[in-house]
Amino acid sequence: MTSNANGRGLIGSSVRRREDDRMLGGRGHFVADLSAGAHHVVFLRSTEPHADITRIDTAAATRMPGVIGVFTADDLGMAGACIPSLTTPDESFTAATSLKLAEQRLPVIASDRVYFVGQPVAAVIAEDRYRAEDAAEAIEVDYVSRPAVADPAEALQPRSPVLFDHLDSNAAARIHFAFGDPESAFTRAAAVVSGTYRMNRHGAVPLECRGVIADFDVRRQRVEITTSTQVPHMVRNAICAVTGWSQADVVVSVPDVGGGFGTKANVYAEEILLARLARETRRRLIWVEDRQEHLVASAQGRDQIHHTRLAVDEQGRILAWADDFVVDIGAGSLWVAGIVANTAIHLLGPYRVPAAEISGRAALTNKTLVAQYRGAGRPEATFALERSLDAAARELGLSGVEIRRRNLLTSDDLPYPRPIPYRDGVPIEYDGGDYRACLESVLEALPRDEIARCAAEHPQYRIGYGLSSYLEATGRGPHETARIRLSPDGRFEVTAGAASAGQGHETVFAQVAAEALAVPMEQVIYTPGDTEWLPEGVGTFASRSAVLAGSAVHRAARELVGSAIDRVARLIGADPDDVQYRDGCFSVGGRPALDWADLVRAAGVGGALETGGMLDVSAVHRVSTVTWTMGVHAAIVGVHRRTGIVKVLRYAVSHEGGREINPQIVEGQIIGGVAQGIGGTLFERWAYSEAGQPQSTTFAAYHLPLTTDVPRVRVRHLHVDTPANPLGVRGVGESGTIAVYAAVASAVDDALDGRVHIDTTPIATGDLCRVLARTAS
């Protein structure tokens, strides 16, 4: 590990991740590692996508050996209880985009009706998992099937059965905005290309499935929750909202989390139910999701259809852009406003777009719930816009490079205002440096002439080259919190409201704190917090941790130094303005310097400041609006001449970001994002039958990318500072994923000499095989 005697230069240094030794050595502490002494909970889940429940008979299950109890919604007094929404856009954004949100009622536990396969219907508590699963199988449930709706377009038709009785349609959200004069532009355009683009349903499959431990503290009369989540404060708030408990009645903590990617940035019924069951039974309980449960019941993502029109002039410059999209959110989404808004905003891309008309709807269907998944609307929007640009380039006889070069914003254009506000109500203004420079950078990192080398190395493939640009709003507010405490051993304990799900918080936040405190990094310890130690926080999602939580840590460190200066002044009888702080030491004129150890002794029993307690500071960092990042991806792919199987051979990313706290971790975030994007582009899809039955319930049907499917990724970082936060950072967590789908699709088109135009992911190998067969004949 890099050691800096005074903390200088830590930000921007690839300090070795502190987490790695613990994780790679098997010494992590995940939810399942904390099961000692707990009784096990298993959920009976609906086997029907849409049905009325006429009878639940738990008598046989209750009598089985080792069973502690069996609970339905009625037993828990939770019939009709619903999980509250997690996000609401600013009123000015709502007005500017004509956003309308239906009142969703997502049941915590089904009582009289089920809406998707996998929905919790009853909970069994037993001495071990085996007995609990046996008892769950003994519960008898009678269903009366109702018509299931599995197609989002059909769900929005007037003839479709309406899923929820309190709604008059299956539209969960609507959005619309326009600017410029798009219809006039479509009339005078040299070329207008139309398309329908679909990104099928897929999402996070983290190494660790979800899990929850709930314990009732009899002495404090409160429930203590340990959950594998990215949003502990949201979990606490939802538990309180559903149960009516006060925040003092619940403490939520986060152990090591084995991946989240947005699936765990959600509040789940199981978290609320475990809390309620622990209070009901006064027992320590654990539930750990198995993989089949995850593939059926954890929140999914993507699943969008876009109907597009793009108008360009003779030189390929964009004149107008229109998109009417539908998001399938399954039986509901706590994040529907964010997903719809993200999609609509990012459809404008990093280009000069003088006129546009954007419309979108979210459809309720009888599928598993939807949450944010790495990008949450950005990859879908990018796929629709970038594929439309490729279609326009082909129409005009331009290359994919040239049409982007003519439309990307440059330093002369930036900052670039847009005529709508962001979700926080602040008018959008891209604050980048030079977007076209990212295009030129990626062309240097992965030049098109590498096709010849790939063709020589892989004669069994037809080789193609593709590009895709993306834009991303990062660092979404409104705020994040941090706390730093000087401990009795002279070290600094740091925690933040953004819970780690594998992003390296233990290392990165220690780097930020050590540099701000001007102390060696070894003197700083990052401690995962809980909602008691840090009562307020937002969470980890939307590329916000470094921007918001990192800045809160920086602010807390500076405030801690300020408090320490006041104490030093009291100790030596000086004016605080005369106290100087440098390299971990406090001095006044020619007097002997004091350090942090002196302050620890002074605060101890018998010390001169013993009544003051240890130095302990909590800080909040607020942002007025988001920062913006962009980048360009390039891919070289091979399409197997006989089978049509696609293999990504080369990949490069040039992205415009801010200051890198830890460049190696930033690179890892991008490479990991590319891997997930390749999975969604080539393999992953949660398929459902027309009757709403899930068909991807094992890894035999839901295919993930292997290490052999992901090439080495060349990453170039174009630094553009931002004054929006004290660290000068911009988010990067989703940058690796957003553009992959369109870049690979573009390369497949190129490999087949334009005989296909990929408009759906995952890419259908069978379709490519048939095209190749026709070409060969």
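Residues numbered from 1 in each chain as written. Predicted model: local features only at pLDDT ≥ 70, side-chain atom pairs only at ≥ 80, totals over all residues. Heavy atoms only, no water.

Caption draft 1: Highlighting the overall build of the protein chain. The helix and strand tally for the protein chain stands at 22 helices and 32 strands. Computed over its C-alpha atoms, the radius of gyration of the protein chain comes to 27 Å, within 12% of the 28 Å expected for a compact globule of 777 residues. Its C-alpha atoms give the protein chain principal-axis dimensions of about 90 × 75 × 50 Å. Among the 777 residues that make up the protein chain, the fraction classed as buried is 61%. (Helix = DSSP H or I, 4+ residues; strand = E, 2+ residues; numbered from the N terminus. Rg over C-alpha atoms; globule rule 2.2 N^0.38 Å. Buried < 20%, exposed > 50% of the residue type's maximum accessible area, 1.4 Å probe, protein only.)

Caption draft 2: Spotlight on the packing of helix H8 (residues 232-243) against helix H9 (residues 269-281). Two elements in contact, H8 and H9, have axes separated by 10 Å at closest approach and are oriented at 60°. The pairing of H8 with H9 is recorded here as oblique in orientation. Seen along the crossing, H8 lies across H9 with a hand that is right-handed. Residues Val235, Ala238, Ile239 and Val242 of H8 form the contact with H9, whose own contacting residues are Glu271, Ile272 and Ala275. (Axes fitted to C-alpha atoms, helices over the stretch in contact; angles between N-to-C directions. Parallel < 35°, antiparallel > 145°, perpendicular 65-115°, else oblique. Left-handed = near helix turned anticlockwise from the far one by under 90°. Contact = heavy atoms within 4.5 Å.)

Caption draft 3: Layout of the UniProt feature "domain: Aldehyde oxidase/xanthine dehydrogenase a/b hammerhead" (unreviewed entry) in the protein chain. Sites flagged by UniProt as "domain: Aldehyde oxidase/xanthine dehydrogenase a/b hammerhead" (unreviewed entry) map to residues 25-147. For residues 25-147, the end-to-end C-alpha separation is 51 Å, with 20% helix and 33% strand making up the annotated structure. (UniProt positions renumbered as here; feature names shortened; annotations may be inferred.)

Caption draft 4: Structural context of unusual backbone geometry. Pro415 follows Leu414 through a cis peptide bond whose omega is 0°. With respect to the helices, strands and loops of the structure, Pro415 is situated in the loop between helix H13 (400-407) and strand S19 (416-421). Cis geometry is adopted by the peptide bond preceding Pro478, which originates at Gly477 and carries an omega value of 10°. With respect to the helices, strands and loops of the structure, Pro478 is situated in the loop between strand S21 (461-474) and strand S22 (479-486).

Caption draft 5: Geometry of empty space enclosed by the protein. Taken as a whole and assessed by the stated rule, the structure comprises 4 cavities of 30 Å³ or more. Of the volumes computed, that of the largest cavity is approximately 180 Å³. As for the largest cavity, its lining consists of 20 residues, of which Ile83, Pro107, Phe116, Ala269 and Leu369 are closest to the centre. Contributing elements (two or more residues each) for the lining of the largest cavity: strand S6 (106-107) and H9. Taken together, the residues of the lining of the largest cavity sort by class into 15 nonpolar, 2 polar and 3 charged. The calculated volume of the second largest cavity comes to roughly 50 Å³. Lining the second largest cavity we find Arg210, Gly211, Val212, Thr227, Ser228, Lys264, Asn266, Tyr268, Glu271 and Trp287. Across the lining of the second largest cavity, the residue classes tally to 3 nonpolar, 4 polar and 3 charged. (1 Å grid on protein atoms, 1.4 Å probe; cavity = no way out; pocket = protein on both sides within 12 Å on 5 of 7 lines; lining within 4 Å. Points joined across faces, edges and corners; volume = space filled by probe spheres on them. Nonpolar A, V, L, I, M, F, W, Y, C, P; charged D, E, K, R; others polar.)

Caption draft 6: Summary view of the sheet that holds strand S17 (residues 318-328). Ordered by their spatial adjacency, 7 strands build an open sheet running S5-S10-S18-S17-S16-S11-S32, and the pairing between neighbours is mixed. With partners counted over all chains shown, the strands left at the sheet margins are strand S5 (100-101) and strand S32 (760-761), one partner each. Bridge analysis of S5 against strand S10 (residues 171-179) gives 2 bridges, and the strand direction is antiparallel. By the bridge assignment, Lys100 is partnered in S10 with Arg174. (Pairing = 2+ DSSP bridges.)

Caption draft 7: Quick peek at the domain arrangement of the protein chain. Each assigned domain of the protein chain is listed here: domain 1 (301-476 + 625-776) and domain 2 (478-622). Here the C-alpha centre of domain 2 lies 40 Å away from the C-alpha centre of domain 1. Facing the 21 residues of domain 1 at the interface are 19 residues of domain 2. With both chains or domains summed, domain 1 and domain 2 bury close to 1500 Å², and 61% of this area falls on carbon and sulfur atoms. Of all residues in domain 1, Arg476, Ile661 and Leu727 bury the most surface against domain 2, accounting for 35% of the area lost on that side. Seen at the junction of domain 1 and domain 2, the total is 1 salt bridge. For Arg659, the salt bridge identified is with Glu515, shortest N-O distance 3.2 Å. (Domains from an automatic or database assignment. Buried area = accessible area lost by both parts, 1.4 Å probe. Salt bridge = Lys/Arg side-chain N within 4 Å of Asp/Glu carboxyl O.)

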